Each structure stands twice: as C-alpha cells, then as structure tokens.
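An overview of the molecular structure
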Amino acid sequence: MKNIQKIWSKTITYYLVMATVTVFIFSEFIYRGPFVPLAKAMDGMKIKYALMAVTSLYILMQLIAKRQGLFKMNVFRKESTLYLIAIGSLAAITLFYQILNGFRAFVIPEFMYVLLPLLFVILIVSADYINITRVLDNCFYVTVVAFLLDSLGVFTDGAVVSFDILDSSSPFENPSSLIFVFLELYFLVRYNKRNGKSIVCLIITILTFKRFSVILAILFFVFVPMIKNKKVPRWLLATAIVVFCAMPFLLKYFYSNDFASFFFARYQIDFNEFTMDRFARTSYVLNHLGQIKYGFGSVSNFLSQSYGNADAANRSLHSDLLRIYLECSFVGTVIYNTCYFISVKKNMASFLLMMGIFIQMIFNHPIGAGAVGHWIIIYLMIAYLNYRKEVPFYREGMMSRRKIKVGKVKI
C-alpha cells in the first residue's frame, strides 16, 4: 500500500506539472486562428499562474511530508544558485535606482516573469519521481499541437500563399520557433543521432522561417551529433562572456543616427524598414535615457507610456541585451551574462543552447512577459543536459499500472 501511494504521488505531481506547462505553451504560442479566444481567455483568467501555484504547493507539501530538501541528488543546485545571483544583482541595482529616483511598482511583475519559471523548475527537479526526459518529450508533443492549432488560422484566411523565401516571410511564423530549435538539440543529444523528432523540429522551424532559428536548426542538425559530451573550453567560455558583455555598446552604435545614415548612403535602404521598426523604437529610447531610471522594466514601462499597450511589439525594445544594460548598467550586464554562461560550462550542448538564447537576445526579447513557458522548458533542458550522465534516475520512465497490479513496484 505504501508503495502504491508513492506511485500515485509521483503520478499526480507529473500530471500537474504537464498541465501547467501545457497551459503556458498554449497561451504563449497561439496568437491567431479559431483558438485565439480560448488562449486569451486562459491568459486573462491567469489559469496558468493558478495551476503553477497549485502544482508548486503540492510539491512543497510532498517535500515537507517526506522531510526532503530541495535539489534531490544536488541536481540543478549550482545552476540555480548562479541564476539567482544573476537575477538578484538586477534586483539590487533596481532597488538602488528606486531609492534614488522613487519607487515604481511595475518592476514587481517584471521580476516575477524571470523568477517564476526558475523557482518552478527548482521544485520540479527537487520532487520525487519526476522524469525530466518524459516531461520534455511531452513538451514536444504539446508544442507541436499548439503550432498546428495556431496554423489553422493560416489555412482559414488563405495566407498560406504568402510564403516568400526572398522576402523572408512565412504565414507559419510563430513564437515557438526557437523552442523547436532547442527541442531539436535535446533530441539530438538524448538519442545521440538524428531521429524522427529532431527532423520534425527542423521542418517546423523551417516553416516558421525565422531566419536566425532556421540557421541555428540546420547547424544543430548537422554538427550536434558530433560533439558527444565534450566540455566547453575555457577560452570559448571567456570569449562568449566578453562578446556578449560588449554587445550593448555595439548595439548603441548600430541604432545611432550616424549608422542609419551610413547604411542608407551605402545601400539606399531605409534602416528603420530594414530593422522592421526596431531602429525607431530603440533610438527613441536612447534619446530619452533620463526616463530609464527605475531599474529592471523601465524600458518596457517607458515604451508603454509612449506608444500605448495596444500593440505588444511596441512595448518591447527587441533587444534584451541592450535593455538589461540600459536598465541595470554595465555591472548588471556583466554579472547576468557571466552567471548564465558559467552555468553551462560543463557541457557543450547546454553551452550551445545558451548561445542560442543570448544571440536571440541581441535582436529580440526572450525574457519577460510571454516567455515564462519558454524558460520552464529551457531550464529543464539545462538540468537534463548538465546531469544526464551523472543521474541515471532521470532516464527512467514512469512505472506502469501493470507493474503496480502484479506487485513488482520498486521505489
């Protein structure tokens, strides 16, 4: 009886985790077609956060009842500590700015968006019987379903004919493109070969036709099976940290009027059109740096006040690397970048995943609102990639009901 109770505890935890991740994926990846009202309703009623709270409370109750601490077998302990230091440094700098310039409540949800997925994954990897590989496998199926449901809008409005390779546009464009790239990486590493799931991820990424994602997916598909379990060379890790710490300075020049004028003179192309309005928004922020004085979230708040909340794209700087630099100074940038890269130094696959995230942060906004589900999957991948050879526990599947019935359960 005791063993059966443990199995049911494990099963309940697993399904609560999957329900939570599923709702996050559906709310973040479906933005057109007949299922948009449902996705918006789930988002508006905060169902995903309610499910996250229920799941977290259940896991905590289980840990307390078993007198078990966090980080079972020390999995994800070092990484979590580094991430908390990174986020904590941004919080400390934000507090300093707010003491000087006045307190603003908008920073609270901004920090919730980055803290919640990390804390949730800490609970997941600390819980008994959670199988990371099975969670990630089912994240793949859920994300594929979300992509297909979102794509129904393509077929219903006839936009499928608008696929244009030369213009780099696709009717299947979807926020899930980078997650499919990372899922492809996960399957290539897990099976140590190219397989059906990795091919599906590659095909869907190509259909979304996000240029960076497509290039990264092809490179992963070709080269990842060759890397095995190599560690990251120190020079490569140091180079990555230095390059991404220097990137905000390059971006400030890139979005300057001088560079825009040079670009137009050289190519006869309007730089704002070339950057899809990123130049206008970024230069506007750079010309009003006096308003970016309250720490983390200041840029998004300033853009919301300037452009309104109707269009989510106008509230984003579309460069999280530059945003962190402007909001939390060069010190915050160095600490944040260093901590995140050190967390993946032991495994080349997780380093490649982090490289993909940071390259995306140059011209996009993978941090914050609308990306909580993304980061749950990303943190789970890092936990798996960093510990897959040390903790065979995570390669075990859920025990079947048949084994329970015949009394072959082993805990």
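Scroll up to find the structure.
Scope of this entry: the structure provided in the associated data block. All values derive from a computational prediction rather than experimental measurement.

The next thing to look at is the overall build of the protein chain. A count of helical and extended segments in the protein chain gives 18 helices and zero strands. A burial count over the protein chain gives 52% of its 411 residues as buried. Of the contacts formed within the protein chain by residues at least 6 apart in sequence, a portion of 78% connects residues at least 24 apart. Looking at the protein chain as shown, the accessible area adds up to about 19,300 Å², and 65% of this sits on carbon and sulfur atoms.

Right, let's get into the nonpolar core. Within the largest apolar cluster, 127 residues are counted, with the highest numbers of intra-cluster contacts made by F76 and Y340. Of the residues forming this core, the biggest block, 13 residues, is contributed by helix 17 (residues 372-387). For F76, the contacting residues outside a window of four places in its chain are F71, Y83, L118, V121, I122, V125, Y379, I382, A383 and Y387.

Turning our attention to the pattern of salt bridges. With the rule as written, the count across this model stands at four salt bridges. Between E110 and R323 there is a salt bridge, with the nearest N and O atoms lying 3.9 Å from each other. With E110 in helix 5 (residues 107-126) and R323 in helix 15 (residues 320-342), the pair connects residues that are 213 residues apart, well separated along the chain. Per residue, the accessibility class of E110 equals that of R323, and both read buried. Within the structure, one salt-bridge network assembled from shared partners comprises E110, D320, R323 and E327.

Our focus in this paragraph is the packing of aromatic side chains. Scanning the model with the defined rule gives 39 aromatic pairs in all. When the ring of F76 is compared with that of Y83, the centres are 6.0 Å apart and the planes differ by 55 degrees; the resulting orientation is tilted. Judged by its relative accessible area of 0%, Y83 is buried. An aromatic cluster of three or more residues is present, and its members are Y253, F254, Y255, F259, F262, F263, Y267, F271, F274, F279 and F363. The ring of F221 is capped by R194, whose NZ or CZ atom sits 5.6 Å from the centre of that ring. For K346, the ring lying beneath its charged end belongs to Y387, and the centroid distance is 4.4 Å.

For the rest of this paragraph, the subject is the environment of F209. Its location among the elements puts F209 in the loop between helix 8 (196-208) and helix 9 (211-227). Given the relative accessible area of 18%, F209 is considered buried. It is 8.9 Å that separates the C-alpha atoms of F209 and N174, two residues lying 35 residues apart in sequence.

All right, on to a nonpolar patch on the surface then. Together, I215, I218, L219, V222, F223 and M226 line one region of the surface with nonpolar side chains, adding up to about 550 Å² of accessible area. Here M226 shows up in helix 9. M226 gets classed as exposed once you look at its relative accessible area, which sits at 52%.

Below, the discussion takes up helix 15. Under the 1.5 Å per step criterion, the end-to-end length of helix 15 is only 19 Å for 23 residues, more than 12% shorter than the ideal 33 Å. Largest kink in helix 15: about 125 degrees, centred on C328. Counting buried positions along helix 15 yields 17 of 23 residues, so the element is predominantly enclosed.

Calculation criteria
- Residues numbered from 1 in each chain as written.
- Predicted model: local features only at pLDDT ≥ 70, side-chain atom pairs only at ≥ 80, totals over all residues.
- Heavy atoms only, no water.
- Helix = DSSP H or I, 4+ residues; strand = E, 2+ residues; numbered from the N terminus.
- Buried < 20%, exposed > 50% of the residue type's maximum accessible area, 1.4 Å probe, protein only.
- Contact = heavy atoms within 4.5 Å.
- Areas by Shrake-Rupley, 256 points an atom, 1.4 Å probe, with all protein chains shown as cover.
- Core = buried A, V, L, I, M, F, W, Y, C linked by side-chain atoms within 4.5 Å.
- Salt bridge = Lys/Arg side-chain N within 4 Å of Asp/Glu carboxyl O.
- Phe/Tyr/Trp six-rings, centres within 6.5 Å; stacked < 30°, edge-to-face > 60°.
- Lys NZ or Arg CZ within 6 Å of the ring centre and 35° of its normal.
- Patch = residues over 30% accessible without salt bridge, like charges linked within 9 Å, V, L, I, M, F, W, Y side chains within 5 Å.
- Expected span 1.5 Å × (residues − 1).
- Bend = angle between axes of the 7 residues up to and from the residue.

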